[in-house]
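Close look at the chain arrangement
For reference, the chains in residue letters:
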Amino acid sequence: MEFSPQLYQQPQPQAGRRHALADIMLTALQAVDPTDAVQQSVHLTDTELFIGNSAIARNSIEHIWVVGAGKATAAMAAGLEEQLNDAITGGHIVVKYGHGLPLEYIRATEAGHPVPDENGLQGSVAILALLNSATEHDLVISLISGGGSALLTCPPKGVALDDLQHLTKQLLRAGATINEINTIRKHLDQLKGGGLARAAAPARVISLILSDVVGNPLDVIASGPTVADPTTYADAWRILERYDLLSSAPEAVLTHLQTGQEGRVADTLKPGAPELARVTNLIIGSNEIAAHAALQAASEQGLNALLLSTYVEGEARDLGQMAVAIARQILASGEPLARPACVVLGGETTVTVRGTGRGGRNQEAALAAAIALDGLEDVTIAFFATDGTDGPTDSAGAMVDGDTLNRARAHGLDAYAYLQNNDAYAFFEALGDHLLTGPTRTNVNDLAFVVVW
């Protein structure tokens, strides 16, 4: 993982402290490397295929098909190919632009995220056709990771890609949570909400999942393509109502949701559905795994380390202020742990867009933290998207301290104005404080670090 060179062009001790925190973040990323996670979960012998706790006789499998979608899925597929080689009959995955890797047996389509595009549609149609050809003697290995919900896009008859694109943008701007967005997506798609399992039946399906959702609910990760869905068409309708989108959502979307509520279109798969009888879901990477690896790395650097929560949600700027409140508590009382201290938080916040600038939830949280930190010594705070791309930008997040606003003022930057305009990207670009990694090809939510030296 590489960082902007300017990050270290600061006087000591800030540069050394930032470098130490960067090392902790690197360790967290390495703990959720998708290729390693798959290789640790899949083993092949002359007679058996072992996936997690499942042992399958090789002579009972006619074909092994690989499908999937997500930002980490190409790296997962690379690990699977190394383990299975030509035992794989074929496959197709959809990944975010810039996240592809050379593969021998599995075809990869790069597509748009977080707003679905034509490439994602074509790749998903190809996956659906492959699944429809599978028989009861076949094994389908599904590789699912964060971002899969937008990338795996196969709308029902009557709903166009343009409709999904427009609705996705509306929901993102309204500040809808990922759970809410995925509830709607599941009811506007043929592969989400158990749809992949439905299409693959009667084949056996094993899903290897890298979780990017708080709490790891299987039905929410990538909109649960191989999992029973507890939500309904009525739930999706109520979410549009909650964000006052019923008057502006595409007509085709409203028609389909109304038809579903009337029972004239099949709902997503529910618990006990026969199509799920031969499905196994296995989480092989998560925010918790990354957070605990960060704790270990912090401890090895001599820091008192604490995982406060991996269930962080809400407005990004509120998280920024809370992170500073934690630092102030440690400085004032040595609670919840004594200095030198590293508090780790995980989860995924949202941004209610009010301005016209660029940024992402981690950059917005960092900017809010920088404002609250102004002049406070011995504190470094970082907000970091584990996939390497925070919102629609090339930044993974940002790192701030008590001197950030002083440096901004020297550049003529008004931090409050940038925050009001949701323009954190331009603010941190001017300071050289972005965390720049490029695509990490993993995705297990976000991590925040509050370090009090």
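In what follows, the accompanying structure is described. (Residues numbered from 1 in each chain as written. Predicted model: local features only at pLDDT ≥ 70, side-chain atom pairs only at ≥ 80, totals over all residues. Heavy atoms only, no water.)

What follows deals with the overall build of the protein. When helices and strands are tallied, the protein shows 16 helices and 15 strands. For a compact globule of 453 residues, the expected C-alpha radius of gyration is about 22 Å, and the protein comes in at 22 Å, within 12% of that figure. Viewed in the frame of its principal axes, the protein has a C-alpha envelope of about 65 × 55 × 35 Å. Counting every position in the protein, which comprises 453 residues, the buried fraction comes to 59%. The long-range fraction of contacts in the protein, counting pairs at least 24 apart against all pairs at least 6 apart in sequence, stands at 79%. (Helix = DSSP H or I, 4+ residues; strand = E, 2+ residues; numbered from the N terminus. Rg over C-alpha atoms; globule rule 2.2 N^0.38 Å. Buried < 20%, exposed > 50% of the residue type's maximum accessible area, 1.4 Å probe, protein only. Contact = heavy atoms within 4.5 Å.)

What follows is about the sheet that holds strand 8 (residues 204-210). Across the sheet, which stays open at both edges, the six strands sit in the order 6-5-4-7-8-9 with parallel pairing between neighbours. Only two strands of the sheet have a single partner each, and these edge strands are strand 6 (107-111) and strand 9 (279-285). Taking each pair of neighbouring strands and ignoring which way they run, the sheet shows an average axis angle of 20 degrees. Bridging between strand 4 (residues 64-69) and strand 7 (residues 139-145) involves six bridges; their strand directions are parallel. Looking across to strand 7, one finds that Ile-64 is bridged to Leu-139. Across the face of the sheet, helix 3 (residues 73-84) comes into contact with strand 4, strand 5 (90-96), strand 7, strand 8 and strand 9 while running at roughly 145 degrees to strand 7. Relative to the sheet, helix 4 (residues 118-132) contacts strand 4, strand 5, strand 6 and strand 7, its axis offset from that of strand 5 by approximately 155 degrees. (Pairing = 2+ DSSP bridges. Axes fitted to C-alpha atoms, helices over the stretch in contact; angles between N-to-C directions.)

Among all positions of helix 9 (residues 233-242), only Tyr-233, Ala-236, Trp-237, Ile-239 and Leu-240 are buried. For helix 9, the arc enclosing every buried residue in end-on projection is 155 degrees, short of the 170-degree limit, so these residues lie on one face. Check the buried side of helix 9 and you find it contacts helix 6 (161-174), helix 7 (178-186) and helix 10 (251-261). (Arc of directions from axis to C-beta.)

Time to look at unusual backbone geometry. Omega for the peptide link from Ala-201 to Pro-202 comes to 15 degrees, which places this bond in the cis form. Summarising the element assignment, Pro-202 is placed in the loop between helix 8 (195-200) and strand 8. Here the residue pair Arg-339 and Pro-340 is connected by a cis peptide bond, since its omega of -5 degrees sits within 30 degrees of zero. Following the sequence through the fold, Pro-340 ends up in the loop between helix 12 (316-333) and strand 11 (341-347).

This next bit is on the pattern of salt bridges. Across all of its chains, the model carries 18 salt bridges by this definition. With a shortest N-O distance of 2.3 Å, Lys-71 and Asp-387 are connected by a salt bridge. Of the two residues, Lys-71 is situated in the loop between strand 4 and helix 3 and Asp-387 in the loop between strand 12 (379-385) and strand 13 (397-401); the sequence distance between them amounts to 316 residues. For the pair Lys-71 and Asp-387, one class covers both residues: buried. When the shortest N-O distance is used, the salt bridge between Asp-374 and Arg-409 registers 3.2 Å. You can see Asp-374 sitting in the loop between helix 13 (361-373) and strand 12 and its partner Arg-409 sitting in helix 14 (residues 404-410), a full 35 residues away along the chain. The class of Asp-374 is partly exposed, set by a relative accessible area of 32%. Sharing partners across several salt bridges, the network here consists of Lys-186, Asp-219, Asp-229, Asp-267 and Lys-270. (Salt bridge = Lys/Arg side-chain N within 4 Å of Asp/Glu carboxyl O.)

Next up on the list: the pairing of strand 12. When you tally the buried positions in strand 12, you get seven out of seven residues, the bulk of the element. Covered by surrounding structure in strand 12 are Val-379, Ile-381, Phe-383 and Ala-385 together with Thr-380, Ala-382 and Phe-384, the residues of both alternating faces. Where strand 12 lies against strand 15 (residues 446-452), seven bridges are found, and the strand directions are antiparallel. Among the inter-strand pairings, Phe-383 is bridged to a residue of strand 15, identified as Ala-448. In this sheet, strand 13 lies alongside strand 12 in antiparallel orientation, the contact comprising five bridges. Along strand 13, the bridge assignment pairs Phe-384 with Gly-397.

Moving on, we get to the sheet that holds strand 13. Paired through their backbone hydrogen bonds, the strands of a sheet run either parallel or antiparallel. Taken in spatial order, the six strands of this open sheet run 10-11-15-12-13-14, and their pairing is mixed. The sheet is open, and its two edges are formed by strand 10 (304-312) and strand 14 (434-435), each paired on a single side. Here strand 11 pairs with strand 15 via seven bridges, running antiparallel. Paired with Ala-341 across the strands is Val-452, a residue of strand 15.

With that out of the way, let us pick up the side chain of His-256. Mapped onto the secondary structure, His-256 falls in helix 10. Given the relative accessible area of 10%, His-256 is considered buried. The contact partners of His-256, leaving out residues within four places of it in the chain, are Pro-156, Val-159, His-187, Leu-188, Tyr-233 and Val-265.

No statement about biological role is implied by the geometric values presented.
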